[in-house]
Amino acid sequence: MKYGFVNVAAAVPAVKVADTAYNVFEIEKIIADAEGRGVEILCFPELCITGYTCQDLFRQQLLLTQAEEGLMTLLDFTRQLNVICIVGLPVQTGGMLLNCAAVIQAGTLLGLVAKTYLPNYNEFYEKRWFASAQDLKTTEVYLAGSPVALTAQPTIFQTTDGVKFGVEICEDVWAPVPPSNNLTLAGADIIFNCSASNELTGKHKYLRNLLMQQSARTISGYVYASSGFGESTQDVVYGGNAIIFENGHLLAEGERFSLQPQIQVAQIDVDRLRTDRMDNTTFVNAQREAFAQIISCKMVESAEFKLSRYVDPHPFTPDDDDMQESCEEILNIQSAGLAKRLVHTNCQKVVIGISGGLDSTLALLVCVRTFDMLDYDRKGILGVTMPGFGTTDRTHDNAIRLMQTLGISQKEISIAKAVKQHFEDIGQDIDTHDVTYENSQARERTQILMDLANKENALVIGTGDLSELALGWATYNGDHMSMYGVNAGVPKTLIQYLIRYMAELELFNEQKATLIDVIDTPISPELTPADDEGQIKQKTEDLVGPYELHDFFLYYFLRFGFRPRKIMMLAEQAFDEKYDRKTIKKWLTTFCRRFFNQQFKRSCLPDGPKVGSVSLSPRGDWRMASDASNALWVKECESL
């Protein structure tokens, strides 16, 4: 394990029913392949040494003996290998025959796990041959030249680098209370399922949903390997499933009905799982009575670490497959939040500053949707343009066009005269473009909006977004303040996505060209004068860094509590061809500095709706001392 990632694999070997020598040879080929690919834990199907469909041959002593010898062969084969392998075979003890998974590593039989729930309905009749783990009293058996305990107690295997995993077998996960429930509550990070599930119309979809839900419910990695081509097709067919989930997210899936052996490899992020468990108090409470015995394994000394899984550079934006549904849900959350506030305050008017930028555009569109939902007159939305020293024709014209075509009330109030008077009052040189020069304009605009809201008996709608809150890119008691902030839970990269989505809706056909131009306009507070050609000179991303990087940092810092070293590694993978290591390090260091230094602004935020898994509300997801030190994080950034 490195950076919290564990290389796991689900394998579907070729099989011949009751031909243990053939089966072992095929298993060995996959083990060798997995070792070469840096796999740390490898799962094979149920009863893979003999084949699952041996039926009454399981009563034959020769088959049972050969199965044990097959296990001995595998132990010898793995003697110089690091990979942990989980293989299935029948094990006889006393008067019982058990369907077991054997966990082996480096020539050592680490332990046995017996199947708990035996299907004995429809096409299944396992109780004809096997006993359940529930029938087992703890005993020691001598198997493949080694003494090993067979017990009904839950068992967790733990590597010396801290990875914990458990094993269940096929039907176990279909039970009302699967063994993996207790195993994960007792600390197992990953569950491996050795299976032999057959194929029926519609069954595969149900199975995938079952595994996805079990992985999500137990906040675990789930690795599932089931029998494939070569099992008997006397009455049913085995398609061969190799599926890997992480907390409900599919990481890898093999091709069913393949006539060739296959292995699916994925990296499970154990750090991520443990963070989710730690944050989930329901999971923590459920752990109280969970218990499992621990069996130690060696640390797997894998080759030089290389991240092989895909890292989305834009974790806040929806996948294309569910883009429409996700965008509508986000917009509905924003609109429903504002609707409740308007109804609660018996208010049918809002005041919003319209700059022609991304944030105010999204906030305006949310206001329009909300008023339409409530059947309020759009004229109750008062859009205010407040040109200042840095306002460009491009943003001003876009703001005017949006308000006109959306049919809202408009007002324009220049802040230049008032700000100049304020500069005279406080002794500020108008040619000194410092923080006072910039913040005076932001606070003047907020004062205008607040006073207009009082005059109109309206609410001021805040436009600031989640990314700006993370970086503190807002003027304290300026654009930092509002009466309800509809964008408080929406990061900048998602705002661009949402506006682009709405631009394609028939409802906003008339505004489409303007919305696209808003997206294409450089992000800027427009607080310093434009260049000689009237173009935006003050570009936010030149000052604080690319928002797509900061949103990436924010997601992994806040959602999973990852340290800078891991975030850096993930960012290098996600932005491999766009930003070099030096650039990522620079802006990651900036993020850590600003995030800590600007907490005081987040400690007194206005109300606003949470729309995703990350929020900076001081009343909800993020509570932090405003004077907390950033020393640890900045030091690690600088050491990268």
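Now for a quick tour of the structure. Keep in mind the model is a prediction, meaning the values are calculated, not measured.

## Section: the sheet that holds strand β10 (residues 190-195)
Move 1: The 7 strands lie next to each other as β13-β12-β11-β10-β9-β8-β15, forming an open sheet whose pairing is mixed. Two strands close off the open sheet at either side, each with one partner strand: β13 (249-253) and β15 (293-297). Strand-to-strand, the axes of this sheet are offset by a mean angle of 25°, without reference to chain direction.
Move 2: Sheet topology note: the strand β11 (residues 221-226)/strand β12 (residues 242-246) ladder contains 5 bridges and is antiparallel. Its bridge partner being in β12, Tyr222 is matched across the sheet by Phe245.

## A closer look at the packing of helix α7 (residues 323-344) against helix α8 (residues 358-374)
Move 1: Between α7 and α8, the least distance of the axes is 9 Å, while the angle of their chain directions is 65°. Our classification of the angle between α7 and α8 gives roughly perpendicular. Seen from above, α7 lies across α8 with right-handed handedness. For the pair α7 and α8, contact is made by Glu328, Leu331, Asn332, Gln334, Ser335, Leu338, Ala339, Leu342 and Val343 and by Leu362, Val366, Cys367, Arg369, Thr370, Phe371, Met373 and Leu374, respectively.
Move 2: Along the lines of polarity and charge, the residues of the contact of α7 with α8 split into 11 nonpolar, 4 polar and 2 charged.

## Notes on the sheet that holds strand β4 (residues 96-105)
Move 1: An order of β5-β4-β3-β2-β1-β14 is seen for the 6 strands of this open sheet, with the pairing classed as mixed. Two strands close off the open sheet at either side, each with one partner strand: β5 (108-114) and β14 (262-269). Neighbour to neighbour, the strand axes of the sheet diverge by 30° on average, direction disregarded.
Move 2: Where strand β1 (residues 5-12) meets β14, 8 bridges bridge the pair, whose relative direction is antiparallel. When the bridges of β14 are listed, Val8 appears paired with Ala266.
Move 3: The strands touched by helix α5 (residues 270-279) within the sheet are β1 and β14, with β14 carrying the most contacts at an inclination of about 50°.

## So, helix α9 (residues 393-406)
Move 1: Taking 1.5 Å per residue as the helical rise, α9 with its 14 residues ought to reach 20 Å, and the 20 Å between its terminal C-alpha atoms agrees with that figure.
Move 2: All of the buried residues along α9 are Thr395, Asn398, Ala399, Ile400, Leu402, Met403 and Leu406.
Move 3: If you follow the buried residues of α9, they end up packed against α8, β17 (381-385), β18 (409-412) and α14 (512-520).
Move 4: Immediately downstream of α9, the backbone of Gly407 shows phi near 75°, a positive value.

## Topic: the pattern of salt bridges
It is possible for side chains of opposite charge to pair when their charged atoms get near one another.
Move 1: Overall, the coordinates contain 30 salt bridges when judged by the stated rule.
Move 2: Across the pair Glu253 and Arg208 runs a salt bridge, and its minimum N-O distance is 3.0 Å. Residue Glu253 is found in strand β13, and its partner Arg208 is found in helix α4 (residues 203-217); the two are separated by 45 residues along the sequence.
Move 3: We classify Glu253 as partly exposed; its relative accessible area is 27%.
Move 4: A salt bridge links Lys492 to Asp359, with the nearest nitrogen and oxygen atoms 3.0 Å apart. Remark: Asp359 occurs in helix α8 and Lys492 occurs in helix α13 (residues 492-503); sequence separation between them is 133 residues.
Move 5: The class of Lys492 is buried, set by a relative accessible area of 2%.
Move 6: Of the residues examined, Asp359 reaches a relative accessible area of 9% and is grouped as buried.
Move 7: Ionic contacts of the salt-bridge type, sharing partners, join the residues Asp359, Asp465, Glu468 and Lys492 into one network.

## Examining the pairing of β1
Move 1: In terms of burial, β1 is largely enclosed, as 8 of its 8 residues are buried.
Move 2: Because side chains alternate across β1, one face comprises the buried residues Phe5, Asn7, Ala9 and Ala11, and the other comprises Val6, Val8, Ala10 and Val12, equally buried.

## Observations concerning the environment of Glu126
Move 1: With respect to the helices and strands, Glu126 occurs in the loop between β5 and β6 (139-143).
Move 2: With 252 residues separating them in the primary sequence, Glu126 and Arg378 have C-alpha atoms 68 Å apart.
Move 3: When sequence neighbours within four positions are dropped, the list of residues in contact with Glu126 reads Glu46, Tyr52, Asn99, Lys115, Leu118, Pro119 and Asn120.

## What about unusual backbone geometry?
Move 1: Its identity as a non-glycine residue notwithstanding, Tyr3 has a phi of 55°, on the positive side.
Move 2: Checked against the element boundaries, Tyr3 lands in the segment before β1.
Move 3: Tyr3 sits in the partly exposed class, given a relative accessible area of 26%.

Cut-offs used in this document
- Residues numbered from 1 in each chain as written.
- Predicted model: local features only at pLDDT ≥ 70, side-chain atom pairs only at ≥ 80, totals over all residues.
- Heavy atoms only, no water.
- Pairing = 2+ DSSP bridges.
- Helix = DSSP H or I, 4+ residues; strand = E, 2+ residues; numbered from the N terminus.
- Axes fitted to C-alpha atoms, helices over the stretch in contact; angles between N-to-C directions.
- Parallel < 35°, antiparallel > 145°, perpendicular 65-115°, else oblique.
- Left-handed = near helix turned anticlockwise from the far one by under 90°.
- Contact = heavy atoms within 4.5 Å.
- Nonpolar A, V, L, I, M, F, W, Y, C, P; charged D, E, K, R; others polar.
- Expected span 1.5 Å × (residues − 1).
- Buried < 20%, exposed > 50% of the residue type's maximum accessible area, 1.4 Å probe, protein only.
- Salt bridge = Lys/Arg side-chain N within 4 Å of Asp/Glu carboxyl O.

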